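These are the residues of each chain, in order.
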Amino acid sequence: MCGDPVITNPSLYRVVFENERVRVLEYRDGPGDRTTPHRHPDSVMVTLSSFRRRLASGGRRVDVEIPAGQVRWLDAQEHSGENVGDTPTHTVFVELKEEAPARVAAARLGPAEP
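Numbering of residues starts from 1 in each chain and follows the order in which that chain's sequence is written. In keeping with the model being predicted, local features are shown solely for residues with a pLDDT of at least 70 and side-chain atom pairs are shown and tallied solely at 80 or more, while totals for entire chains, interfaces and linings include all residues. Each side-chain value is worked out from all heavy atoms of the structure, with water and hydrogens disregarded.

## Observations concerning the side chain of Ser49
At step 1: A run of DSSP states H or I qualifies as a helix once it reaches four residues; a run of E qualifies as a strand once it reaches two. Both are numbered from the N-terminal end. Among the secondary structure elements, Ser49 is positioned in the loop between β4 (43–47) and β5 (51–57).
At step 2: For this analysis, a polar contact is any N or O atom pair within 3.5 Å, provided that within protein one partner can donate a hydrogen and the other can accept it, and provided that sequence-adjacent residues contribute only side-chain to side-chain pairs. In this structure the side chain of Ser49 is engaged in a polar contact, spanning 3.2 Å, whose partner is the backbone oxygen of Pro88.
At step 3: Here the side chain of Ser49 touches His90 through a polar contact of 2.8 Å, landing on its backbone nitrogen.
At step 4: In this structure Ser49 touches Ile66, Pro67, Ala68, Pro88, Thr89 and His90, once residues within four positions along its chain are discounted. Here a residue-residue contact requires only that any non-hydrogen atoms of the pair lie within 4.5 Å.

## Side note on the nonpolar core
At step 1: Remark: nonpolar core denotes a set of buried residues (Ala, Val, Leu, Ile, Met, Phe, Trp, Tyr, Cys) joined through side-chain atoms within 4.5 Å. Exposure classes here rest on a 1.4 Å probe applied to the protein chains alone. A residue is buried below 20% of its type maximum, exposed above 50%, and partly exposed in between. Counting residues in hydrophobic clusters, the biggest one holds 10 residues: Leu12, Tyr13, Leu25, Tyr27, Met45, Phe51, Val64, Ile66, Leu74 and Phe93.
At step 2: If you list the elements that add at least two residues to this core, you get β2 (22–29) and β6 (60–66).
At step 3: Once residues lying within four places of it in the same chain are set aside, the contact partners of Leu12 are Glu26, Tyr27, Arg28, Asp29, Asp33, Arg34 and Thr35.

## What about the pairing of β5?
At step 1: Side chains of β5 alternate between two faces, with Phe51, Arg53, Leu55 and Ser57 buried and Arg52, Arg54 and Ala56 left unburied.
At step 2: Any two strands are treated as partners once DSSP identifies two or more bridges connecting them. Of the pairings in the sheet, the one linking β5 to β6 comprises seven bridges and is antiparallel in character. Within β6, the residue paired with Ala56 across the bridge is Arg61.
At step 3: Counted along the chain from β5 to the antiparallel partner β6, the turn is two residues long, and its residue Gly58 has a positive phi close to 50°.
At step 4: Pairing analysis gives four bridges linking β5 to strand β8 (residues 77–83), with the strands arranged antiparallel. Among the inter-strand pairings, Ala56 is bridged to a residue of β8, identified as Ser80.

In structure tokens, the structure reads:
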């Protein structure tokens, strides 16, 4: 199983708040930066900059392009990512610590559409 992104990618992720119910991570990278495989629990993602990323997990790949100021749901997932755009990425993740309800279908890779 993949690990905590703050441990696997400490130059890109940092904890900005944590209590018994949530953990808030800030993520920053530049064009061409990549993450090693890591895991996110169910989270809310807030984009502070526009970006283009390629996410990969278990042989699947998806490219996402999200403008600044978006708020998206992110299903629990393991993935690696790459900034494939020409701008830095700046996002905040609000990770939920409660157990997720049982999923009927396979989790989607990347954030949900609004």
